[in-house]
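Residue-level structural notes
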Amino acid sequence: MAAKPVAAGPRGRWLGQVVLLLAEGLALGVRFDSSALSSLVPGWWTPVLRFAGSVMPAALLVFVALLLVGWSADREGFAPAVRDPPRRYLPYLGIHIVGFAGLFAVSHALFRGSAKAPEDVGPLVGLWLLTVALTLGAWLGAMLPPRVLIARARARAGLFLGAAVLGLVALGVGRLAQGLWFPLRNVTFAAASGLLGAVTSDTFQDPDTLTFGTDAFAVEIAPACSGYEGIGLTWAFIAAALWLFRGRFRFPQALLLMVLATLLPWVANIGRLVALVLFGTHVSPELAEGGFHSYVGSILFCAVALGIVAIGLHTPWLTRESLSATAAHDRTQGLAASYLVPFMAITGAGLLSRSFSTTETEPLYALRPAAGIVALLIFRKSYGTISRRISGIAIGAGLAVAVMWFLFDMVFPQAPDAASTEPGAALLGARVATAILLAPVVEELAFRGFLARRISSSDFDQILPTQMRWSGIVVSSLAFGLLHQRAVPAVLAGLTYAMIYRRRGNLADAVVAHATTNAALVLAAWMTGTWDLWK
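Residues numbered from 1 in each chain as written. Predicted model: local features only at pLDDT ≥ 70, side-chain atom pairs only at ≥ 80, totals over all residues. Heavy atoms only, no water.

A short note on the overall build of the protein chain
A count of helical and extended segments in the protein chain gives 17 helices and 3 strands. Burial statistics for the protein chain: of 535 residues in total, 40% are counted as buried. Look at the contacts in the protein chain between residues 6 or more apart in sequence, and 75% of them connect residues 24 or more apart. Here the protein chain displays about 27600 Å² of accessible surface, and carbon together with sulfur accounts for 69% of that area. (Helix = DSSP H or I, 4+ residues; strand = E, 2+ residues; numbered from the N terminus. Buried < 20%, exposed > 50% of the residue type's maximum accessible area, 1.4 Å probe, protein only. Contact = heavy atoms within 4.5 Å. Areas by Shrake-Rupley, 256 points an atom, 1.4 Å probe, with all protein chains shown as cover.)

In structure tokens:
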């Protein structure tokens, strides 16, 4: 008997389950140290656990490849045709949650880090493997009925095989790229040291240690400084831009932008290294080792990535039509700028400010709020359509997010850094005012007002906030979370603010909820002394 197809349009639930699984994996990774495996006494479980550790990265890449290949190859195969009622999948979700709770408890007993490992770990390892299977099996059962999973697996065996090969190839390429660090380090060293020698005298180069500089300041070309990181980030950004503007780019010509995404970040990295030596030699070695070293690379990445996209969109040979071809495009561009420029201004000013800071002080912090305020004033006429009527539910939601955030920090405390020490009164006042009054406005404009709606529809200004798709809500919340030190609670916060916005279509509700969260976290930080709590 053929399996009946299941519900139409469960993509929102599927996205939610994917986010849940990622959050659970991150929680396990943060809470438990895999190095504790070395403290376990050897036994039958030793090769099993080692195999599990090796197969996890490959399994993740195969899973991602399956989603990408499957979605592009057969959308209908991922869009079931009949109802999938809650009474069918909710029991599986319940079993999954119970299984994860058991997995967390068993992991706590098995991987206790510095605590003494249990002597007889065989039964505990068996129970751990059982809870892993239960958790993942119930998760799959909630996605689709088991009979449908089996039927689809048989019907699409070739698709699964292709995804597995693609994922394993991606893993192999990643491992191979690690081995290529050293050749690129040598090329970067030769180019950077040669450029330094051309602009200043009294330099030295040590090819054995890949160190170059002056008598006052020198740098070593570490693997992370070879340029791979910037190239990889730029590739990801340009790939996202090619997809986002796929209706405007002309393919395959537009793929040539990936060549620029390879060459320009490497050239910019060489300039950064030379500038670092010159800054440390002639200005301040302390600032060079601090913010300048850390944040100039971020500034260059933003400039290069945005510049490549701008070049592509304004080159007729690479696009179907110019961005300024119609008045509608001009209007959409201006509206998008009003949502994005304040966030970009405050972010860019923050990068600049941190570039001239040390671990103890940030003398140019005032640039951050100043840039954001100026940008908001420039586009103030564009915000006239945003209602100023707010809901009490927004304040309650903001407080709930603050409680969740604080509890998460208690269970998974962050390692203290320089920002966790009590700042001076002036800096503290500026940080608090920015966190409560300014950051909620610019971040909600960018992530909920623009990004969530832009992902929901290419004509973001034409879609009502109450009609935002789950894809826009989830992706914008993930992007919001990745910008915070506490990514998991930040993603959950982003989801909450998006739902508050979607409820009435009033962006002011999301701003108020966000500001309430930050105000509550500022109060908690003052009471506990954890001064980076709201980051």
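Overview of the sheet that holds strand β1 (residues 203–206)
Strand pairing within a sheet occurs via backbone hydrogen bonds; the two strands may be parallel or antiparallel. The sheet built from 3 strands is open, its strands ordered β1-β2-β3 with antiparallel pairing. Each edge of the open sheet is held by one strand with a lone partner, namely β1 and β3 (218–220). The sheet shows a mean angle of 10 degrees between the axes of neighbouring strands, direction not considered. The pairing of β1 with strand β2 (residues 211–214) spans 4 bridges and is antiparallel. Note that in β2 the partner of Thr203 across the bridge is Thr214. With respect to the sheet, helix α9 (residues 257–282) is in contact with β2 and β3, its orientation differing from that of β2 by roughly 40 degrees. (Pairing = 2+ DSSP bridges. Axes fitted to C-alpha atoms, helices over the stretch in contact; angles between N-to-C directions.)

Structural notes on the packing of helix α3 (residues 86–110) against helix α4 (residues 122–143)
Each pair of packed helices gets described by two things: the angle between the helix axes and the distance between those axes. Here α3 crosses α4 at 155 degrees, and the two axes come no closer than 8 Å. The angle between α3 and α4 falls in the class roughly antiparallel. Handedness of the crossing formed by α3 with α4: left-handed. Across the contact of α3 with α4, the residue classes tally to 19 nonpolar, 7 polar and 1 charged. (Parallel < 35°, antiparallel > 145°, perpendicular 65-115°, else oblique. Left-handed = near helix turned anticlockwise from the far one by under 90°. Nonpolar A, V, L, I, M, F, W, Y, C, P; charged D, E, K, R; others polar.)

Describing unusual backbone geometry
The omega torsion of the bond from Phe251 to Pro252 falls at 10 degrees, within 30 degrees of zero and hence cis. Its place among the elements puts Pro252 in the loop between α8 (228–244) and α9. Positive phi values are uncommon outside glycine, yet Asp202 reaches one of about 55 degrees. Structurally, Asp202 is set in the loop between α7 (181–199) and β1.

Overview of the pairing of β2
Taking every second residue as pointing to the same face, both faces of β2 are buried, with Thr211 and Gly213 on one and Phe212 and Thr214 on the other. Here β1 hands over to β2 after 4 residues, with Leu210 in that stretch at a positive phi of 55 degrees. In terms of strand pairing, β2 meets β3 through 3 bridges, oriented antiparallel. Bridge pairing in β3 places Phe212 opposite Val219.

Digging into the packing of aromatic side chains
Per the stated rule, a full pass over the model turns up 5 aromatic pairs. Taking the centre distance of 5.4 Å and the plane angle of 75 degrees together, the rings of Phe447 and Phe480 count as edge-to-face. With a gap of 33 residues between them, Phe447 in helix α14 (residues 425–456) and Phe480 in helix α15 (residues 470–482) connect regions that are remote in the sequence. We note that Phe447, like Phe480, is buried. Measuring from centroid to centroid gives 6.4 Å for Phe480 and Tyr497, while their planes differ by 75 degrees, and the two rings are edge-to-face. Separated by 17 residues along the polypeptide, Phe480 in helix α15 and Tyr497 in helix α16 (residues 487–504) bring together distant segments of the chain. With relative accessibility at 1%, the residue Phe480 sits in the buried group. Accessibility expressed as a relative area gives 2% for Tyr497, which makes it buried. Three or more aromatic residues link up through ring pairs in this structure, and these residues are Phe343, Phe447, Phe480 and Tyr497. If you follow Arg448 out to its NZ or CZ, it ends over the ring of Phe480, 4.5 Å from the centre. (Phe/Tyr/Trp six-rings, centres within 6.5 Å; stacked < 30°, edge-to-face > 60°. Lys NZ or Arg CZ within 6 Å of the ring centre and 35° of its normal.)

Let's talk about helix α13 (residues 392–411)
In this model α13 runs 29 Å from its N-terminal to its C-terminal C-alpha over 20 residues, within 8% of the 28 Å that 1.5 Å per residue would give. Those residues of α13 not exposed but buried are Ala394, Ala397, Gly398, Val401, Ala402, Trp405, Phe408 and Asp409. On an axial view of α13, the arc spanned by its buried residues comes to 145 degrees, and they lie on one face. The exposed residues of α13 that point more than 90 degrees off its buried face are Gly392, Val403 and Met410. As for α13, its buried residues are in contact with α16 and α17 (507–528). (Expected span 1.5 Å × (residues − 1). Arc of directions from axis to C-beta.)

Structural notes on a nonpolar patch on the surface
On the surface, Leu256, Val259, Leu263 and Trp317 cluster together into a nonpolar patch covering about 410 Å² of accessible area. Relative to the helices and strands, Val259 is located in helix α9. (Patch = residues over 30% accessible without salt bridge, like charges linked within 9 Å, V, L, I, M, F, W, Y side chains within 5 Å. Salt bridge = Lys/Arg side-chain N within 4 Å of Asp/Glu carboxyl O.)

Section: the packing of α13 against α16
One way to put it is that α13 packs onto α16 with a least axis distance of 10 Å and a crossing angle of 170 degrees. In terms of orientation, α13 and α16 fall into the roughly antiparallel class. Between α13 and α16, the contacting residues are Ile393, Ala394, Ala397, Val401, Met404, Trp405 and Phe408 on the first element and Val488, Pro489, Ala490, Leu492, Ala493, Thr496, Tyr497, Ile500 and Arg503 on the second. A breakdown of the residues in the contact of α13 with α16 according to their chemical character gives 14 nonpolar, 1 polar and 1 charged.

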